[in-house]
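Descriptive structure summary
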Amino acid sequence: FVAYSIKTGIESCPNEILCEILELYQAESLTDARDGMADAFDWCSKWRRVIVNNPVFWQEIWTTWPPKIVELYETRSKNGPLRLFKFRDSKYHYDIEGNTTARLLALHRERIHTFYVEWRTYAHTGWEDLSKFMERAVGDNLFPRLTQLHLVSSYESVVRLKRLNAPMLRSIVLIGVILNPSTFPSLAHLTTLHSEHSKLTAEDLIALLEACPRIESCGIKFAHVNDPYRDPDSPTDSDPDPRSVLLPRVRISLGALQDLTIDGMHWSCMAKVLNHFDIPSAAKTELVPLIRAGEDKPSETLSAVVPSRDSLYNSIEVSSPTREITFYNSSTPGSFTFKISDKIQYHLSLCADITALTTSLTYLSLPSSIGIHLSSISIVGIPPVCIPRTVDIWAAFSSLPNIEKLSLLECRDTNDFFLAFKFDTETMPCPRLMGLDLRNSYFEGEVLLEFLRDRQEEDEVANIEWIRLVEGFFGEEILEEMLPELRSYVTVTVE
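Every chain's residues receive numbers from 1 upward, in the order its sequence appears when written. Restriction of local features to residues with pLDDT of at least 70 applies here, the model being predicted, together with a cutoff of 80 or more for giving and counting side-chain atom pairs; totals for whole chains, interfaces and linings are based on all residues. Each side-chain value is derived from all of the structure's non-hydrogen atoms; neither hydrogens nor water enter the calculation.

Identification of the protein chain as F-box domain-containing protein from Sistotremastrum niveocremeum HHB9708 is taken from an unreviewed UniProt entry.

With respect to the overall build of the protein chain
Stated formally: By the criteria applied, helices consist of DSSP H or I runs no shorter than four residues and strands consist of E runs no shorter than two, each listed in order from the N terminus. Accessibility throughout is a Shrake-Rupley quantity obtained with a 1.4 Å probe, and a residue counts as covered only by protein chains that appear here.
Within the protein chain one finds 16 helices and 21 strands. On the protein chain, roughly 24,400 Å² of surface is accessible, and the fraction owed to carbon and sulfur atoms is 51%.

Structural notes on the nonpolar core
Applicable threshold: Note on terminology: a nonpolar core comprises buried Ala, Val, Leu, Ile, Met, Phe, Trp, Tyr and Cys residues joined through side-chain atoms within 4.5 Å. Here the term buried applies to any residue with accessible area under 20% of the maximum for its type, exposed to any over 50%, and partly exposed to those in between, with areas from a 1.4 Å probe on protein chains only. Residues are treated as being in contact if the distance between any of their heavy atoms lies within 4.5 Å.
One finds F115, L151, F327, F397, L436 and L448 to be the most contacted residues of the largest nonpolar core, which totals 129 residues. Looking at which element gives the most residues to this core, the answer is helix α9 (residues 267-276), with 6 residues. Residues contacting F397, with those up to four places away along its chain left out, are I377, L406, F417, F421, P429 and C430.

A few points about the environment of R468
This is how the line gets drawn: For this analysis, a polar contact is any N or O atom pair within 3.5 Å, provided that within protein one partner can donate a hydrogen and the other can accept it, and provided that sequence-adjacent residues contribute only side-chain to side-chain pairs.
Tracing the backbone through its elements, the reader meets R468 in strand β20 (residues 466-469). Relative accessible area serves as the criterion here: at 23%, R468 is assigned to the partly exposed category. Residues R468 and R439, spaced 29 residues apart in sequence, show a C-alpha to C-alpha distance of 6.3 Å. If we skip the residues at most four places from it in the chain, R468 touches L436, D437, L438, R439, T493 and E495. Here the side chain of R468 touches E495 through a polar contact of 2.4 Å, side chain to side chain.

Details of the pattern of salt bridges
What counts here: In the sections that follow, a salt bridge refers to a side-chain nitrogen of Lys or Arg positioned within 4 Å of a carboxyl oxygen of Asp or Glu.
Going through the model one piece at a time under the given rule, you end up with 16 salt bridges. Among the ionic pairs, E60 bridges to R83, the shortest N-O distance being 3.4 Å. Here E60 is found in strand β1 (residues 60-62), whereas its partner R83 is found in strand β2 (residues 82-86), with 23 residues between them in sequence. For E60, a relative accessible area of 18% corresponds to the buried category.

Some points on helix α7 (residues 202-210)
Short version of the rule: Directions from the helix axis toward the C-beta atoms define the arc.
Buried within α7 are the following residues: A202, L205, I206, L208 and L209. End-on view of α7: buried residues confined to an arc of 165 degrees, all on one side of the axis. Residues of α7 that are buried sit in contact with β7 (177-179), β8 (192-196), β9 (217-221), β11 (259-266), α9 and β12 (277-278).

Considerations on the packing of aromatic side chains
Using the following cut-off: To pair, rings of Phe, Tyr and Trp, with the six-membered ring standing in for Trp, must have centres within 6.5 Å; the planes then decide the type, stacked if under 30 degrees apart, edge-to-face if over 60, and tilted in the middle.
Using the criterion set out here, one finds 15 aromatic pairs in the structure. On the numbers, 6.4 Å between centres and 45 degrees between planes, the contact of Y313 with F327 is tilted. With Y313 in the loop between α10 (298-305) and β14 (315-319) and F327 in strand β15 (residues 324-328), this residue pair connects regions lying 14 residues apart in the sequence. Here Y313 and F327 have matching classes, each one buried. Ring plane angle 80 degrees and centroid distance 6.1 Å describe the contact between F327 and Y363, whose orientation is recorded as edge-to-face. Here F327, found in strand β15, pairs with Y363, found in helix α12 (residues 356-364); they are 36 residues apart in sequence, far enough to count as distant. Ring pairs connect the aromatic residues W58, W62, W65, Y73, F85, F87 and Y116, which therefore count as one cluster.

Right, dumping it as structure tokens:
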């Protein structure tokens, strides 16, 4: 009984502040809005009165709840905005056929701000799929306040949404759902688009993005399959220059775009989509193209999908752990990332050893690469088994005339990178190279010293000026033995 006499001051808290506290509890601590309110009812009679009389706590309705509970939330939410959810794996399993959801949509369509539905179709029952349900429950009805729409179809099928009348829509998530062009007028104010497990063609995706002039964040994810969709307009082997087919007539601006991810689309279709739009330089773009085993070369794929705006990027980072090749500008926001999917690597395992490093080096060796614009290259986490041939390193570095900084980070063996510079004694790769960042990477001291001596003897302009190392990586004795001679050539920074 002593606990009941403890004074905390919470009883004097104004109702407005108490509401905000309870709202945070409801939003942050719960997976089922109903459970939290039941807990709060047991804490304090004042809290119970505040909750019962405040519509904000009753505006999230799960149609899978028992019907009496749904009706209670309808009543107590009064005329406030509604968030309507139909979860596939809810703790409660009412409204399997969607009749409660359809009733709420029809009765409260002017109040609904958020609509989230996960739909499962069982073949043996003959129940309607999500497309037919939406046709029955939504149709052409106007939802004037709907801003967030989340539709999840059965994993076994992809459906098309034929009608949607929601002019204030801001965010849409589609999983196993494709929008018909008839729904595009509702996308005029859309800022966020996320789509998974769809079967969009290049033309579908182009039309979809054209309908979203205010789009800020877009993520499109396809399933990786062995026999992908083949675009009938994609280039063939007989074309003299495959990229010429992909050049656009007029680029359409996506001026508000900040993030774009396309994952699993074949590279030829992906290139067609990218070449159709003018993507802001500050946007963060990530591509995970589908590559056919034995048919496509990742380096040529990279050459086709890297934007033609070469001057936007002055740096490249190649990461083995993440399988990513990222182009960026060191002084401005925005980046362009090309990722080799682990599934693509698996399918290509019988071909060449395809890695982010071999792909990027081969690409940089091509005349069409952006190597001439790069001033910095970073190579991260390369294991010994993935070190390319010396001739391939030399060919790539010979195409980087303006590189000033070379970073070899967390690499188990960097000797071949230094040996590549002397592969051809008649040429000087990276003549403007000034600095080496070798943090957490292993190298033989004599190999590095020979590289520094060769650069110094060859041409004063080609001298290396600085090196960065990490203290303790080589062991104290080895580092103390190495440092004096290194410092006779360059400035060494030890971290």
